[in-house]
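# Close look at the chain arrangement
This is what each chain is made of:
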Amino acid sequence: MAQTPEIPTKPYLIRALYEWCVDSGHTPYLAVTVNAHTRVPREFVKNGEIVLNIGAAAVHKLSMGNDAIEFAARFNGVSRDIWVPMDAVAGIYARETGQGMAFEVIPDKDAKASAAQAIDAPATKTEDTASEPEDTPPSQPTPGGKRPKLQIVK
């Protein structure tokens, strides 16, 4: 009798934490390590990572399958298709509390060589409404003139 391959728990945990965030009235944020297969706006990738707001008000057609998370989000008023393979998800957490879970990211061998080709990005810089913190309007800089940086605190 053939042995069935083990089903990964990661997609199930991500969906459960997303549901917990929504039920608790929190904003779910997805931390992503960008690799050659990740389709996100390149201009918002910092040090090979991006944080995306995946709350219902920020995304359209959210689909969290076992292989990838995909949705459409508006960036500077333009709808963009986002596709994140499960292997690239570094964590999911509530913006308001920081509660969530971090995951191991499986490194992509040729991510550095082909990331620029695989990432969907326009030629000009735009404001990211899907990952911009809601309490800092995009038109007003934070104290010191720097954009806020989101981090998962372990």
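Relevant structure appears above.
This section reports on the structure supplied with the text.

## Overview of the overall build of the protein chain
Helix and strand counts for the protein chain stand at two helices and seven strands. Put simply, the protein chain runs from its N terminus to its C terminus through helices and strands in the order α-β-β-β-β-β-β-β-α. Across the 154 residues that make up the protein chain, the buried fraction comes to 39%. Across the protein chain, every contact between residues at least 6 apart in sequence was considered, and the portion connecting residues at least 24 apart equals 62%. Accessible surface for the protein chain amounts to roughly 9,500 Å². Of this, 53% is attributable to carbon and sulfur atoms.

## What about unusual backbone geometry?
The residue Asn-47 is not glycine, and still its phi comes out positive at about 55 degrees. The residue Lys-61 is not glycine, and still its phi comes out positive at about 60 degrees. Residue placement: Lys-61 occurs in strand β3 (residues 59-64).

## What to know about the sheet that holds strand β4 (residues 68-75)
Taken together, the three strands give an open sheet; going across it, the order is β3-β4-β5, and neighbouring strands pair in antiparallel fashion. Each edge of the open sheet carries a strand with a single partner, namely β3 and β5 (78-85). The sheet shows a mean angle of 15 degrees between the axes of neighbouring strands, direction not considered. By the bridge criterion, four bridges tie β3 to β4 in an arrangement that is antiparallel. By the bridge assignment, Ser-63 is partnered in β4 with Glu-70.

Cut-off values and rules
- Residues numbered from 1 in each chain as written.
- Predicted model: local features only at pLDDT ≥ 70, side-chain atom pairs only at ≥ 80, totals over all residues.
- Heavy atoms only, no water.
- Helix = DSSP H or I, 4+ residues; strand = E, 2+ residues; numbered from the N terminus.
- Buried < 20%, exposed > 50% of the residue type's maximum accessible area, 1.4 Å probe, protein only.
- Contact = heavy atoms within 4.5 Å.
- Areas by Shrake-Rupley, 256 points an atom, 1.4 Å probe, with all protein chains shown as cover.
- Pairing = 2+ DSSP bridges.
- Axes fitted to C-alpha atoms, helices over the stretch in contact; angles between N-to-C directions.

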